[in-house]
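# Observations on chain architecture
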Number of protein chains: 2
Amino acid sequence: MEAGKRITTRDIAERLGLSVSTVGRALAGDPRISTETRHRVEREAAELGYVGNQAARMMRGASSKVIGLMVPDVGNTFYSTAAHALAQCMSRQGYQVMLCETGDDRDNELAQVRGMIAGQVAGVIVVPTPNPRGETVRLLRQVPHVQLLRTHPDLARQSFGIDDRQVLRDATRHLHDLGHTRIAYLGGPAGLSTGERRLAGYLDVVGDRDAGLVAHVPPGSAEDTRRELARLLDGPDPPSAVVAASVRITEGVLEELASRCVAVPRELSVVGFGDELGFGWWGPGLTTMALPVHEVATACSMWLLQRLRDGDEPAPFVSSTGGYLRERGSTAPPAAGR
Amino acid sequence: MEAGKRITTRDIAERLGLSVSTVGRALAGDPRISTETRHRVEREAAELGYVGNQAARMMRGASSKVIGLMVPDVGNTFYSTAAHALAQCMSRQGYQVMLCETGDDRDNELAQVRGMIAGQVAGVIVVPTPNPRGETVRLLRQVPHVQLLRTHPDLARQSFGIDDRQVLRDATRHLHDLGHTRIAYLGGPAGLSTGERRLAGYLDVVGDRDAGLVAHVPPGSAEDTRRELARLLDGPDPPSAVVAASVRITEGVLEELASRCVAVPRELSVVGFGDELGFGWWGPGLTTMALPVHEVATACSMWLLQRLRDGDEPAPFVSSTGGYLRERGSTAPPAAGR
DNA sequence: CTGAAAGCGCTAACAT
DNA sequence: ATGTTAGCGCTTTCAG
């Protein structure tokens, strides 16, 4: 299938009876090279399909034009949206994206970081796992990086995220304002920076009153979400409303409610997290918090690229963008009987 | 933020009073090195946070442990599903994924290929654009690669895809068997290998009878799909059923039908392409063709990794996996009046 | 304007 | 069991 050997500057030099340095200079557009020689070189290079060897350039200290992106799972639209935004920004500026999935596992995360460092990435955009290994932190510190969506205190002091607390506060307040007093919260496992802020936003509105209605769902499986929701609904004194605190959890909630044929919003009001495609079709239309993931990811990559260009030590910087409520049909005042 | 200098074998060697080759051999687990020395080296390496320089290794002929993945758009769940499958396979085998978006633009595609070749990827998994540039083809041929989901005749003779023709034949037959005689087809632009096969599958069932009901939608925008569908529905003698021939088009169809409040399946039956999250929630539940994208992508990456391991020239090989009909509520026999 | 040579970090052949 | 040397492809002095 492939021709094995790659064309090098030396191939071009020999074929033209020049030295490698002349060829190299011509290709680099060095003004000292005569226009005619430069053209000959360029033509030959195009002819042979020459592509420079990035590894060799990097050994000479060139930066790599590769940005590492570490996300828990690109299968999750939350992160594939971010990956898409990044890929666009990066390619526009001549950078490439090295995609790494951590699966939210710290050892996996470390292995991936090792790979990126070994591959000499120019910078890293990381959605850190809840509790990264010390070595992961040390390695990441060797390279310009920025945190996306989640933050861990030991990593870069620069981060771009969603204002998780505001998002959940607004979601919860919407239900509160409708008159709900038993609002259940379905969130991710404890220990995640975002999870804590989302819970705080919820508690901002309900106080400690509904502590019994807070459920922490293990990550990953939709089944867990469905089970937790079922537990809440089947328990004594069930909630009249539910807020979901992640995209995955929202999906699980929607599936469970659809399969149980719960009458939304008559029996139960629901507010989702994120506005994925299809949320508008669900039942009466899902009222949900729309999140600017694409915009945040774009800003994040712009910032990193700029920082790579400047080269200087950046000041601590935390960007936190809010979401907004998109009202559809899944919320209403609680039924009279409750 | 970062400590600038990376630790090299030489740093370790100097600190331990050894030569670089001894250090290199110790790190590589060469049996000639005494266990004690090896331990000293390993400890020091761990201490300093040594990570080998992949660029230097590659200059010595080592392969890069990086697989390039070229897709039109990771924002499309069709491809993010594939990316997820790949990332999992690859990381399990110690490989990394370089993610490239072509945006279905051939010049962009060429630029991305250049970047991958320059970066010395070990192999490439490509979803080719409809009409790649000659240079793109020449460059890809220099490196082990395989085609995913789409195929272009000038690229690798190895490909993993969906049996597009069967998928659309089954979708259309389902409507035909229900008694529909005016079945509209909404597909991608002409020129794409998959588009032609999907259209062929449709025509296998309807013959040339419904040629007036075939609409080609430009890629990318949901608006185009909605407009084409509107044109068909508002035209004289409108269809009693619609088949969609891509995920994006399916999404556009669902949005348009929802916003028009078309009574599905009473006024119009619909069969979708792919079974994305939320398709089951839409209206009466979307009857659709479920596609094994994850499985196909997994098989594809396994094959490529195996091929890299073997090193030998592979035989032409085309894998084409079928989909199956998932019946939900959006299809029914045509209304009496039609 | 162009050529010769050194060196980036690593490994493999060739010495001890 | 360890050290020395050469060279991968490229850029960058330093010499013409």
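Residues numbered from 1 in each chain as written. Chains lettered and ligands numbered in written order. Predicted model: local features only at pLDDT ≥ 70, side-chain atom pairs only at ≥ 80, totals over all residues. Heavy atoms only, no water.

- An unreviewed UniProt entry lists chain A under the name LacI family DNA-binding transcriptional regulator, with Actinomadura napierensis as the source organism.

## A short note on the sheet that holds strand β6 (residues 183–187) of chain B
All names here are of chain B.
- As summarised here, the arrangement of the 6 strands in space is β7-β6-β8-β9-β10-β12, forming an open sheet in which the pairing is mixed. Where the open sheet ends on each side, the last strands, each with one partner, are β7 (214–216) and β12 (324–326). When the angles between neighbouring strand axes are averaged without regard to direction, this sheet yields 20°.
- Relative to β7, β6 is paired through 3 bridges, and the arrangement is parallel. Considered in β7, the bridge of Gly187 is made with His216.
- This element, helix α9 (residues 193–206), spans β6, β7, β8 (241–244) and β9 (269–273) of the sheet and lies at about 175° to β6. (Pairing = 2+ DSSP bridges. Helix = DSSP H or I, 4+ residues; strand = E, 2+ residues; numbered from the N terminus. Axes fitted to C-alpha atoms, helices over the stretch in contact; angles between N-to-C directions. Contact = heavy atoms within 4.5 Å.)

## So, the packing of helix α1 (residues 9–16) of chain A against helix α3 (residues 35–48) of chain A
Residues and elements named next belong to chain A.
- Interhelical geometry of α1 versus α3 gives an angle of 120° and a closest axis separation of 10 Å. Relative to α3, α1 is oriented oblique. The crossing of α1 and α3 is right-handed. Contact residues: α1 offers Ile12, Arg15 and Leu16, while α3 offers Arg40, Val41, Glu44, Ala45 and Leu48.
- Partitioned by chemical class, the residues of the contact of α1 with α3 number 5 nonpolar, no polar and 3 charged. (Parallel < 35°, antiparallel > 145°, perpendicular 65-115°, else oblique. Left-handed = near helix turned anticlockwise from the far one by under 90°. Nonpolar A, V, L, I, M, F, W, Y, C, P; charged D, E, K, R; others polar.)

## Details of the protein's contact with DNA strand C
- The local shell around DNA strand C holds 23 residues, among which Thr22, Arg25 and Arg60 of chain A together with Thr9 and Tyr50 of chain B are the closest.
- Near-protein atoms of DNA strand C (within 4 Å) split between backbone and bases, with sugar and phosphate holding 61%.
- In this structure, Ser21 of chain A approaches DNA strand C through a side-chain N or O atom, which is 3.2 Å from a base nitrogen.
- Within the contact set of DNA strand C, a phosphate oxygen lies 2.9 Å away from a side-chain nitrogen or oxygen of Thr37 of chain A.
- Grouping the constituent residues of the surface near DNA strand C by class yields 6 nonpolar, 11 polar and 6 charged. (Near = heavy atom within 4 Å. Polar contact = N/O pair within 3.5 Å; in protein donor to acceptor, adjacent residues only side chain to side chain.)

## Some remarks on the sheet that holds strand β8 (residues 241–244) of chain A
Residue and element names in this part refer to chain A.
- Here 6 strands make up an open sheet; going across it, the order is β7-β6-β8-β9-β10-β12 and the pairing mixed. A single partner strand is all that each edge strand has here, and the edge strands are β7 (214–216) and β12 (324–326). Ignoring which end each strand starts from, the neighbouring axes of this sheet average 20° apart.
- Helix α9 (residues 193–206) contacts β6 (183–187), β7, β8 and β9 (269–273) of the sheet and is inclined by roughly 175° relative to β6.
- In this fold helix α11 (residues 247–260) packs onto β6, β8 and β9, with an angle of close to 150° to the strand it touches most, β9.

## A short note on the relation of the copies chain A and chain B
- With an RMSD of 0.1 Å, chain A superimposes on chain B once it is rotated by 180° and translated 0.0 Å along the axis. Each copy turns onto its partner about a two-fold axis.
- Mapped onto chain B, 100% of the interface residues of chain A again fall at the interface, so both copies present the same surface. (Least-squares fit on C-alpha atoms with pLDDT ≥ 70 in both.)

## A few points about the protein's contact with DNA strand D
- Near DNA strand D lie 23 residues; those nearest to it are Thr9 of chain A together with Ser21, Thr22, Arg25 and Arg60 of chain B.
- Here, DNA strand D places atoms within 4 Å of the protein, and 57% of those atoms are sugar or phosphate.
- Arg25 of chain A is positioned such that a nitrogen or oxygen atom in its side chain is 3.3 Å from a base oxygen of DNA strand D.
- Met59 of chain B places a polar main-chain atom, nitrogen or oxygen, 3.1 Å from a base oxygen of DNA strand D.
- When contributions to the surface near DNA strand D are tallied by element, the ones reaching two or more residues are α2 (20–28) and α4 (54–59) of chain A together with α2 (20–27) of chain B.
- The residue inventory of the surface near DNA strand D, partitioned by class, reads 6 nonpolar, 11 polar and 6 charged.

## Overview of the nonpolar core
- Ile125 and Leu257 of chain A together with Ile125, Tyr202 and Leu257 of chain B are the most contacted members of the largest nonpolar core, which totals 139 residues.
- Counting 36 residues, the second-largest nonpolar core is a separate cluster that includes Met98, Cys100, Val113 and Val126 of chain B. (Core = buried A, V, L, I, M, F, W, Y, C linked by side-chain atoms within 4.5 Å. Buried < 20%, exposed > 50% of the residue type's maximum accessible area, 1.4 Å probe, protein only.)

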